[in-house]
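One letter stands for each residue in the lines below.
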2 protein chains.
Amino acid sequence: MTNQDPTPAPAPDDEITKHGPVEQRLGKWKGLFPKTHSLVLVNTGYGKGKTSAALGVTMRAWGRGWKICWLQFIKNKDSHYGETYAAERMGIEMIALGDGFTWLSENIEHDIKLAREAWALAKSKIMSGQYDLVVLDEITYPITYRWLQVDEVVETIRNRPKDVDIIITGREADPKLIELADTVTEMKETKHVYHTGVKAQPGIDY
Amino acid sequence: MTNQDPTPAPAPDDEITKHGPVEQRLGKWKGLFPKTHSLVLVNTGYGKGKTSAALGVTMRAWGRGWKICWLQFIKNKDSHYGETYAAERMGIEMIALGDGFTWLSENIEHDIKLAREAWALAKSKIMSGQYDLVVLDEITYPITYRWLQVDEVVETIRNRPKDVDIIITGREADPKLIELADTVTEMKETKHVYHTGVKAQPGIDY
């Protein structure tokens, strides 16, 4: 038995293992598998899988009937991500608040403004207590660039309403985010097809 | 711009960025973002996120209208996973073929039989060419235990039909799987709440 790959015991009620509409079972096993802790997860590192793993936890949580909100700090609403279309089809709130990695351009003031507006919205979503899970996708970048104050982000998350889980993704997570987190995974790049000249692939990468 | 966090350019057709049923747009952007390479991904390491990241890619691919099949080599069909219920609601084929981590028990022969039956089914799913993505979840364990021959798994994947992407998850991936893979991520455990005595949480971990 491993901690990352739990195999929960079968539920006591045989009814629950019978096939049928998941909605019929939802109420039952939601009660059988209550959240005992509200957690902060950080997915960082240079490898593939940070946002993917946050999406995977989102799929699990959605499968259990959780209410979820995604705030994307870098992704641009006019771009076309598989996850965006999936979230739309699943009825998950996913808001692209960025403008791509445009800090590589000349338009820094615009990026700073976007990042601060994104954080204001994220803070209101977290503090509303209306979500079981709030994902701050790629928030590490505006923090690294000092467009957002890490202390304000940490304080907000520490003081969040009970039962709101948080996932933070992005490279070079600030040490204060690592300290705050309950679980931190570094996605380490062992090998990446990108280095052979193969560009990001739809479905797999975006 | 990073390779793991691509920001694809807006599609040339403004129609696509308009709001409306995703199904209406699906055909359009599926053509706009064709798969140019069929890839093999390996998610390994001791940290959280191996299966989660495979689920995340699944959500992306599903959002793009891909046909996906999951074979779970360890998970037990009678257990209750958030991802199982999500897949059912999304219409994704997800088949639990294992019996938990029972090799820790006395019932090894039973486990070996299950693993070989699971591989036979996985092989037929891969070779059918009917899927855009086949996920071999936790297949590294039966390979590490020598219940499955890594050479047969590698040969099958090498000879798979064109356009079938493969994701392999699990700790201690065999070097032959690493060599086969296009992209390998080691999920490195920096910190895990489990070590503070907090058990796996529904939604987040299963």
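Described in the following lines is the structure provided in the data block. As the structure is a computational prediction, the values presented were derived from the model and not from experiment.

## Things to note about the environment of A61(A)
All names here are of chain A.
No. 1: Relative to the elements of secondary structure, A61 occurs in helix 2 (residues 50–63).
No. 2: Under the relative-accessibility criterion, A61 is labelled buried at 0%.
No. 3: Taking the C-alpha atoms as reference, A61 lies 17 Å from N43; in sequence the two are 18 residues apart.

## Some points on the packing of aromatic side chains
Residue and element names in this part refer to chain A.
No. 1: What the rule picks out here adds up to 2 aromatic pairs over all chains.
No. 2: Here Y145 and W147 contribute two aromatic rings whose centre-to-centre distance is 5.5 Å and whose plane-to-plane angle is 45°, an arrangement assigned as tilted.
No. 3: Exposure remark for Y145: the relative accessible area of 40% places this residue in the partly exposed category.
No. 4: The class of W147 is buried, set by a relative accessible area of 9%.

## Topic: the packing of helix 2 of chain A against helix 2 (residues 50–63) of chain B
No. 1: Close contact between helix 2 of chain A and helix 2 of chain B brings their axes to 6 Å; oriented N to C, the two are set at 85°. On the basis of the axis angle, helix 2 of chain A is roughly perpendicular to helix 2 of chain B. Contacts between helix 2 of chain A and helix 2 of chain B pair T51(A), S52(A), A53(A), L55(A), G56(A), V57(A), M59(A) and R60(A) from the former with T51(B), S52(B), A53(B), L55(B), G56(B), V57(B), M59(B) and R60(B) from the latter.
No. 2: Classifying every residue of the contact of helix 2 of chain A with helix 2 of chain B by side-chain character gives 8 nonpolar, 6 polar and 2 charged.

## Quick look at unusual backbone geometry
Residue and element names in this part refer to chain B.
No. 1: Despite not being glycine, R146 shows a phi value in the positive range, around 65°.
No. 2: Tracing the chain through its elements places R146 in the loop between helix 5 (140–144) and helix 6 (150–158).
No. 3: Assessed through its relative accessible area of 61%, R146 is described here as exposed.
No. 4: The backbone phi angle of D163 is positive, close to 75°, even though this residue is not glycine.
No. 5: Secondary-structure assignment places D163 in the loop between helix 6 and strand 5 (165–169).
No. 6: A relative accessible area of 33% means that D163 is categorised as partly exposed.

## Things to note about the pairing of strand 2 (residues 68–76) of chain B
Residue and element names in this part refer to chain B.
No. 1: Extensive coverage of strand 2 is indicated by the burial of 9 of its 9 residues.
No. 2: Of the pairings in the sheet, the one linking strand 2 to strand 4 (residues 133–137) comprises 5 bridges and is parallel in character. Residue pairing across strands places W70 opposite V135, the latter belonging to strand 4.
No. 3: Bridge count for strand 2 against strand 3 (residues 93–98) is 5 bridges, and the pairing is parallel. Bridge pairing in strand 3 links N76 to G98.
No. 4: The handedness of the strand 2 to strand 3 crossover, carried by helix 3 (residues 82–90), is right-handed.

## Describing helix 4 (residues 108–128) of chain A
Residues and elements named next belong to chain A.
No. 1: Over its 21 residues, helix 4 extends 30 Å from the first C-alpha to the last, a length consistent with the 30 Å expected when each residue adds 1.5 Å.
No. 2: All of the buried residues in helix 4 are D111, I112, L114, A115, A118, W119, A122, K125 and I126. What you see down the axis of helix 4 is that its buried residues fit within an arc of 160°, all on one side. Of the exposed residues in helix 4, those oriented more than 90 degrees away from the buried face are E109 and K113.
No. 3: Against the buried residues of helix 4 lie strand 2 (68–76), strand 3 (93–98), strand 4 (133–137), helix 5 (140–144), helix 6 (150–158) and strand 5 (165–169).
No. 4: At the exit of helix 4 stands G129, carrying a positive phi of roughly 65°.

## Section: the pattern of salt bridges
No. 1: Within the structure shown, the criterion is met by 22 salt bridges over all chains.
No. 2: Of the charged contacts, one joins D163(A) and K162(A) as a salt bridge, the two residues approaching to 3.3 Å between their closest N and O atoms.
No. 3: Classification of K162(A) as exposed rests on a relative accessible area of 70%.
No. 4: When the shortest N-O distance is used, the salt bridge between K75(B) and D137(B) registers 2.9 Å. One end of the pair, K75(B), is in strand 2; the other, D137(B), is in strand 4, with 62 residues separating them in the sequence.

## As for the sheet that holds strand 4 of chain B
No. 1: Strand order in the open sheet made by the 12 strands is 3(A)-2(A)-4(A)-5(A)-1(A)-6(A)-6(B)-1(B)-5(B)-4(B)-2(B)-3(B), with mixed pairing throughout. Each edge of the open sheet is held by one strand with a lone partner, namely strand 3 of chain A together with strand 3 of chain B. Strand-to-strand twist across the sheet, computed as the mean angle between neighbouring axes with direction ignored, equals 15°.
No. 2: Here 4 bridges tie strand 1 (residues 40–44) of chain B to strand 5 of chain B, and the two strands are oriented parallel to one another. Its bridge partner lying in strand 5 of chain B, V40(B) is registered against I166(B).
No. 3: Lying over the sheet, helix 2 of chain A contacts strand 1 (40–44), strand 2, strand 3, strand 4, strand 5 and strand 6 (183–191) of chain A together with strand 3 of chain B, oriented at roughly 160° with respect to strand 2 of chain A.

Conventions and cut-offs
Residues numbered from 1 in each chain as written. Chains lettered and ligands numbered in written order. Predicted model: local features only at pLDDT ≥ 70, side-chain atom pairs only at ≥ 80, totals over all residues. Heavy atoms only, no water. Helix = DSSP H or I, 4+ residues; strand = E, 2+ residues; numbered from the N terminus. Buried < 20%, exposed > 50% of the residue type's maximum accessible area, 1.4 Å probe, protein only. Phe/Tyr/Trp six-rings, centres within 6.5 Å; stacked < 30°, edge-to-face > 60°. Axes fitted to C-alpha atoms, helices over the stretch in contact; angles between N-to-C directions. Parallel < 35°, antiparallel > 145°, perpendicular 65-115°, else oblique. Contact = heavy atoms within 4.5 Å. Nonpolar A, V, L, I, M, F, W, Y, C, P; charged D, E, K, R; others polar. Pairing = 2+ DSSP bridges. Right-handed = clockwise from strand over helix to strand, strands pointing away. Expected span 1.5 Å × (residues − 1). Arc of directions from axis to C-beta. Salt bridge = Lys/Arg side-chain N within 4 Å of Asp/Glu carboxyl O.

So yeah, pure geometry; function would need other evidence.
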